[in-house]
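Spelled out from the first residue to the last, the chains are:
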Amino acid sequence: MKAVKIVVNVLAALAGILIFALLLISAPQIFGYRPVVVLSGSMEPTYPVGSIAYIKETPFEEINSGDIITFLADAKGTMVTHRVVTKEETQKVFVTQGDANKTPDPNPVRYQSVVGKGVFNIPYAGYAAAYLQKPWMYVVLASVLLLKILLGFLGGRKEEEPEPDNSAAT
């Protein structure tokens, strides 16, 4: 029974860490930041693969060369996060390039396609976020926590032991 308690305690600790990670990942959304998981290495080393980049909707006037933007690259809704190389004021377009890419992107990005400007990122947190978004992870977390609660109740029940007889000591 002791080994089971140790395993459950370790699993409960891991569940707690995952729940904390979920809160850490989700909390910035309250302030208007949108998380985007970085899936390719085009922005390394600034945004390593598996990072969560937090972007915020930003007016055209506040986006400048050197800023990082996330934009819709095609009609399917594919999002790309790259750095602004040049900004064209009259047509409201940007020339972008990934930090790891040798050449700028072939097509200018219209401001209407910009989802947001990169504000900060959490390296490698995207891996945890990807797992936390799977429905089976909620079942696993709930099961571990319920098992922990159940073992807490069972472990708290002790059989009554007879009180020691101290009358013989004189």
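Before reading further, recall that the structure is shown in the block above.
Heads up: these notes are all about the structure in this document. (Residues numbered from 1 in each chain as written. Predicted model: local features only at pLDDT ≥ 70, side-chain atom pairs only at ≥ 80, totals over all residues. Heavy atoms only, no water.)

## Here's the deal with the packing of aromatic side chains
- For the structure shown, the criterion picks out four aromatic pairs.
- With a centroid separation of 5.7 Å and an interplanar angle of 70°, the aromatic rings of Tyr33 and Phe120 are classed as edge-to-face. Here Tyr33, found in the loop between helix H1 (2–26) and strand E1 (34–37), pairs with Phe120, found in strand E7 (residues 114–122); they are 87 residues apart in sequence, far enough to count as distant.
- The exposure class assigned to Tyr33 is partly exposed, which follows from its relative accessible area of 21%.
- We classify Phe120 as partly exposed; its relative accessible area is 32%.
- Between Phe60 and Tyr111, the ring centres sit 5.6 Å apart and the planes meet at 80°, which makes this aromatic pair edge-to-face. (Phe/Tyr/Trp six-rings, centres within 6.5 Å; stacked < 30°, edge-to-face > 60°. Helix = DSSP H or I, 4+ residues; strand = E, 2+ residues; numbered from the N terminus. Buried < 20%, exposed > 50% of the residue type's maximum accessible area, 1.4 Å probe, protein only.)

## With respect to the environment of Tyr127
- With respect to the helices and strands, the residue Tyr127 is situated in helix H2 (residues 125–132).
- The partly exposed category is assigned to Tyr127, whose relative accessible area is 47%.

## Observations concerning the nonpolar core
- Counting residues in hydrophobic clusters, the biggest one holds eight residues: Phe60, Ile63, Ile69, Phe71, Val84, Phe94, Val109 and Val114.
- Contacts of Phe60, omitting those with residues within four sequence positions, involve Lys87, Glu88, Glu89, Lys92, Val93, Phe94 and Tyr111.
- Val38, Met43, Tyr47 and Ala53 belong to the second-largest nonpolar core, a separate cluster that totals five residues. (Core = buried A, V, L, I, M, F, W, Y, C linked by side-chain atoms within 4.5 Å. Contact = heavy atoms within 4.5 Å.)

## Re a nonpolar patch on the surface
- Nonpolar side chains collect at one region of the surface, where Ile6, Val7, Val10, Leu11 and Leu14 lie side by side and expose about 420 Å² of accessible area between them.
- Note on placement: Leu11 falls in helix H1. (Patch = residues over 30% accessible without salt bridge, like charges linked within 9 Å, V, L, I, M, F, W, Y side chains within 5 Å. Areas by Shrake-Rupley, 256 points an atom, 1.4 Å probe, with all protein chains shown as cover. Salt bridge = Lys/Arg side-chain N within 4 Å of Asp/Glu carboxyl O.)

## Overview of the pattern of salt bridges
- Under the defined criterion, the tally for this structure stands at three salt bridges.
- Asp67 is the salt-bridge partner of Lys117, the closest N and O atoms lying 3.3 Å from each other. Linking Lys117 in strand E7 with Asp67 in the loop between strand E2 (52–56) and strand E3 (68–72), this pair joins segments that are 50 residues apart in sequence.
- Exposure remark for Asp67: the relative accessible area of 17% places this residue in the buried category.
- Between Arg83 and Asp99 there is a salt bridge whose closest N-O contact spans 2.8 Å. Note that Arg83 is positioned in strand E4 (residues 79–88) and Asp99 in the loop between strand E5 (93–97) and strand E6 (109–110), a separation of 16 residues in sequence.
- Judged by relative accessible area, which is 28%, Asp99 ranks as partly exposed.

## Some thoughts on the layout of surface pockets
- Taken as a whole, the second largest pocket spans an internal volume of roughly 220 Å³.
- In terms of lining, the second largest pocket is formed by Val36, Val37, Val38, Leu39, Ser40, Ser42, Met43, Thr70, Thr78, Met79, Val80 and Thr81.
- Elements that contribute at least two residues to the lining of the second largest pocket include exactly E1 and E4.
- Per element, the largest residue contribution to the lining of the second largest pocket is three residues, and it comes from E4.
- In the lining of the second largest pocket, the residues fall into seven nonpolar, five polar and no charged. (1 Å grid on protein atoms, 1.4 Å probe; cavity = no way out; pocket = protein on both sides within 12 Å on 5 of 7 lines; lining within 4 Å. Points joined across faces, edges and corners; volume = space filled by probe spheres on them. Nonpolar A, V, L, I, M, F, W, Y, C, P; charged D, E, K, R; others polar.)

## Section: the environment of Ala100
- Relative to the assigned elements, Ala100 resides in the loop between E5 and E6.
- In this structure, the C-alpha to C-alpha distance between Ala100 and Gly41, residues 59 residues apart in sequence, is 7.1 Å.

Function-wise, these values are silent; they only describe arrangement.
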